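Take a look at the letters that make up each chain.
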Amino acid sequence: MWLLFCANAAAPAAMAQGHTIVLKNGRRINALSVLEDGDKVRYETSAGTLTLPRAIVDHVESGGLPTANAAAENGKLSLRPPAGSASDPALAASEGEIEAHVFRDGEVDRSYISELENDARSGKSLANWNAALGHHLAAQFEAAHGDLDLALADERQALIYAPQHPVFLMNAAYLQLRRSEYTLSLEYLERARRVAPEDPDVAKLTGWAYFGLNKLDQAAVEWQHALALRPDPETEAALKKVLRDKEEESQYKENESRHFTLRYSGASEPAMARDVLRTLEHQFDAIESELSYAPPDSIGVILYTQQTFADITQAPAWVGALNDGRIRVPVQGLSSVTPELSRVLKHELTHSFIQQKTRGRAPTWLQEGLAQWMEGKRSDANAAALIRMAVTSPEQVAAHFESDWMKMSNEAAGAAYAWALANVESLLHFGGMTDLDRIMDRMAAGDAPEAATKTITRSDYNGLTSETVAYLRQTYGN
Ligand SMILES: [Zn+2]
């Protein structure tokens, strides 16, 4: 029997048909749209519009791999980076010049940026702007190619040269948000607000930071303010969602512990809430030591009655609990943490860790496989069925690597969960947590999931499937 507890709501939502820009050095860049514009190629990614010199582009392929917003992929509200409406005339003047030199051979030209920094030592204001702009453009480029760490380092450098520039401040805040570092993000946004109090993007991003910190009232105020300044479907959808949560939770009680903010309906006992927090804190320490990582900000947890859970999450009937940035768990009729609830909490908490550790880039199979493993599940009961399936329907054993799990039937979802767990067991068996840790680090740095897996284990998904079947035979076969 397949047992289902959870879906991570990791629907690869709203993927646009994309394009691939192939550079002369062979590097491939996925883009939502591509526009050839004189000696430049402009392209749109989830991190904004970027430009490449035409000279380094070999050709453009249509209908390439779709580029999805990483946040949307993980069931969170989607968020695009600020449009940079508050641009500075001085900035615009030198932008073309800097842009033409800062990229070379499909990479950021670091020696050119060093030159800009040397010039900036002269103390002239234009040289200062140029150094700031070079780093800002580099930050945009690195973010679009998935390296959020490098992008943030560049944007911080830009702010050393231009500490008051609202676009740089907003972009730094946006990158912190992408890393789930909400408190740090707010520091940049407060600075941005002082110089650009009526910029709708400042309010939009601030709402996002408060939402991440479970401060729903403040998130709603910011998003209402953003909408008053400028209509925006993305903000409207976010506001609608937060108002729905706020209304449901208005009668809820709140409890806090070191790493969690817990809300629960008046129908639950305060003793139950304390028990849940105690359990979660204990699990937090256990997962932290396994994954060598700890989420930086407080994690939101909401305990629902069964019916409310279904209404609020609008998730398929087979979903038992859900993690869409906040951990949502139905606990109807419980007065203490049962072993079953404890497993569900640990499973969901694992999702929060993986989500943040990989900057939202872990594929569903890794999320669900590792979450099941952490809660203590093993493949023993499913091994025989999986081995049989690999022989009789080899075409079905790869569905869980790619498909949108939220659209799966009960049966298909059951098989997907079982394969995901077996894959993770196999990875741990052959390479230990060190390998999984490195795979997640590669994903966090922007590698596609299969490429990250292959870099560390030398096996692509086909190879992983073969190894998993061998592992199952060896471990559970008779
Ligand atoms: Zn799950």
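Everything numeric here is computed off the predicted structure, so don't read it as measured data.

Draft legend 1. Looking closely at the overall build of the chain. Check the secondary structure of the chain and you find 19 helices and 14 strands. In the chain, buried positions account for 56% of the 478 residues. In the chain, the proportion of contacts linking residues at least 24 apart, taken out of those at least 6 apart, comes to 66%. Counting only carbon and sulfur atoms, one obtains 49% of the accessible surface of the chain, whose full area is about 20300 Å².

Draft legend 2. Layout of the pattern of salt bridges. Applying the stated criterion across every chain, the model contains 22 salt bridges. The shortest N-O distance in the salt bridge between R179 and E181 comes to 2.9 Å. The exposure class assigned to R179 is buried, which follows from its relative accessible area of 13%. The class for E181 is buried, based on a relative accessible area of 13%.

Draft legend 3. Representation of the packing of aromatic side chains within the structure. If you walk through the whole model with that rule in mind, you get 12 aromatic pairs. Ring geometry for F211 and W223: centres 5.9 Å apart, planes at 40°, overall tilted. Of the two residues, F211 sits in helix α8 (residues 200-212) while W223 sits in helix α9 (residues 216-229), which places them 12 residues apart along the sequence. Each member of the aromatic cluster is reached from another via a ring pair, and the members are F260, F284, Y293 and F353.

Draft legend 4. Layout of the environment of E181. Within the element layout of this structure, E181 appears in the loop between α6 (166-178) and α7 (182-195). C-alpha of E181 to C-alpha of G212: the two residues are 31 residues apart in sequence and 8.6 Å apart in space.

Draft legend 5. Region of interest: the confidence of the model for the chain. For the chain, mean pLDDT is 82; residues scoring 70 or higher make up 79% of the total. Taken as a whole, residues 63-78 scores under 50 in pLDDT and shows 59 contacts with residues more than four places along the chain or in a different chain.

Draft legend 6. Inspection of helix α13 (residues 339-357) at higher detail. In this model, α13 (19 residues) spans 27 Å end to end at C-alpha, consistent with the 27 Å of a helix rising 1.5 Å per residue. Among the 19 residues of α13, 15 are classified as buried, and the element is accordingly described as predominantly covered. Looking one or two residues beyond α13, the residue adopting positive phi is R359, at roughly 55°.

Draft legend 7. Structural view of the packing of α13 against helix α14 (residues 364-375). Taken N-terminus to C-terminus, the directions of α13 and α14 make an angle of 135°; their axes are 8 Å apart at the nearest point. Put simply, α13 runs oblique to α14. Taken as a pair, α13 and α14 cross one another with a handedness that is right-handed. Between α13, through R343, K346, H347, T350, H351, I354 and Q355, and α14, the contact on the second element is made entirely by L366, Q367, E368, L370, A371, Q372, M374 and E375.

Draft legend 8. Main features of α8. Helix length check: α8 (13 residues) gives 19 Å between terminal C-alpha atoms against 18 Å at 1.5 Å per residue, within 8%. Burial within α8 is extensive, with 13 of its 13 residues counted as buried. The backbone nitrogen of D201 lies 2.8 Å from a side-chain oxygen of the residue at the head of α8, namely D199. Looking one or two residues beyond α8, the residue adopting positive phi is N214, at roughly 65°.

Draft legend 9. Quick look at unusual backbone geometry. Of note, the phi angle at D105 is positive, near 55°, even though the residue is not glycine. With a relative accessible area of 49%, D105 lands in the partly exposed category. For R458, which is not glycine, the phi torsion reads 65° and is therefore positive. Among the residues examined, R458 registers a relative accessible area of 77% and is labelled exposed.

Draft legend 10. The nonpolar core, seen in detail. Formed by 52 residues in total, the largest nonpolar core has its most connected members in V276, L291, L349, W365, L370 and L436. Setting aside chain neighbours within four positions, we find V276 in contact with L262, L303, V337, L341 and L345. One finds V102, F141, L148 and A220 within the second-largest nonpolar core, a separate group that totals 50 residues.

What counts and what doesn't
Residues numbered from 1 in each chain as written. Predicted model: local features only at pLDDT ≥ 70, side-chain atom pairs only at ≥ 80, totals over all residues. Heavy atoms only, no water. Helix = DSSP H or I, 4+ residues; strand = E, 2+ residues; numbered from the N terminus. Buried < 20%, exposed > 50% of the residue type's maximum accessible area, 1.4 Å probe, protein only. Contact = heavy atoms within 4.5 Å. Areas by Shrake-Rupley, 256 points an atom, 1.4 Å probe, with all protein chains shown as cover. Salt bridge = Lys/Arg side-chain N within 4 Å of Asp/Glu carboxyl O. Phe/Tyr/Trp six-rings, centres within 6.5 Å; stacked < 30°, edge-to-face > 60°. pLDDT = per-residue confidence, 0-100. Expected span 1.5 Å × (residues − 1). Axes fitted to C-alpha atoms, helices over the stretch in contact; angles between N-to-C directions. Parallel < 35°, antiparallel > 145°, perpendicular 65-115°, else oblique. Left-handed = near helix turned anticlockwise from the far one by under 90°. Polar contact = N/O pair within 3.5 Å; in protein donor to acceptor, adjacent residues only side chain to side chain. Core = buried A, V, L, I, M, F, W, Y, C linked by side-chain atoms within 4.5 Å.

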